[in-house]
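Geometric and topological summary
Listed below, chain by chain, are the residues.
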Amino acid sequence: MPELPEVETTKASLDPLLGQQVVNIKVFQPKLRWMMPDNLDSLINHTLDSVERRAKYLILNFLPAVAQNNSTVSANLVEPRQLLVHLGMSGSLQQHSNDTDKRKHDHLVIVFNDADGTKSQLHYYDPRRFGSVLWYEDYGHKLLDHLGPEPLSKDFTADYLYSLIQRIDLPSQDSNGILSDNTKKNKRQKPIIRAIKSVIMEQEVVVGVGNIYATESLYLSGIHPATPANQLSYDQIVFLVNHIKDILKKAIELGGSTLRDFTVASGQTGYFQQTLNVYGRKGENCLQCSTTLENIKLTGRASVYCPSCQPVK
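Okay, so let's go over this structure.

Quick notes on the rules
Residues numbered from 1 in each chain as written. Predicted model: local features only at pLDDT ≥ 70, side-chain atom pairs only at ≥ 80, totals over all residues. Heavy atoms only, no water. Buried < 20%, exposed > 50% of the residue type's maximum accessible area, 1.4 Å probe, protein only. Helix = DSSP H or I, 4+ residues; strand = E, 2+ residues; numbered from the N terminus. Pairing = 2+ DSSP bridges.

Before going further, it helps to spend a moment on the pairing of strand β4 (residues 81–86). The buried count for β4 comes to five of six residues, which makes it a mostly enclosed element. As judged from the six bridges shared by strand β3 (residues 57–64) and β4, these two strands associate in the antiparallel manner. Paired with L60 across the strands is L83, a residue of β4. The pairing of β4 with strand β8 (residues 132–135) spans four bridges and is classified as antiparallel. Bridge pairing links V85 to V133 in β8.

Structure, rendered in structure tokens:
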């Protein structure tokens, strides 16, 4: 499944299409996780202005374009539009030359025209069809409003995660930088006792920390994946949050993890999988202590760990 680094890499790979005009839309299979809108052709005569990412969703922002006769298309006739794209389990956005033939699992092709009149195609490719292509205005609030903070943002901190798990308000600083001891327990909610790995993979807690990156972050933090979240000390949470951020940054720099058939718009694949310490290495030796790596299942997901480096406490 494409996770946050793969989606962020896909976002960056779409940069060559910015400013290009949509001249044709071809829908071959509208039945994805949800049906594609039947009016996607309204994107024709729009230019791709920008691409954003929220969690594992891509938001493609299109603005009214300039018509071929150099007169501006009336904004009353051609409104700005936003596509909300999710890659699902096996989806990808891939850029091809205009003479590229449709492949079996190409469900949508957007044809762009650059300033020199050269056409190119953006294919939405998804063998398992668990992804989605929707209008943001119809689904954006429903799918995004409940999500937690971005893991690489200033909002995802050790204070945030620790207080969320323990259901407490931590001491805060006043305008002079002086700490006020206002630590209070939320009497209405009990501390979170679920396995820490399950907690950091919950989208309402923090977005985009999928199985690969949760597994690797816990290993580097020396935390057993099944540890009840409320048993972790503040210092352990600090280590974990820092490793989550570092792992995701590294994965983005390396283009994500290509574990199956994930590619980005340029056709390139990621290389982060070549640096994995424990994920997918059940039965192999730990790179740090040579102990045989073991695997447990948490919420139906494989969780490989080192019994020595990540002991049960």
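Looking now at unusual backbone geometry. Negative phi values dominate among residues other than glycine, just as trans dominates among peptide bonds. Of note, the phi angle at S290 is positive, near 70°, even though the residue is not glycine. Inspection of the secondary structure assignment puts S290 in the loop between α6 (234–253) and β13 (294–298). For T299, which is not glycine, the phi dihedral falls at a positive 45°. By the element assignment, T299 lies in the loop between β13 and β14 (301–305). On the basis of relative accessibility, which here comes to 64%, the residue T299 falls in the exposed class.

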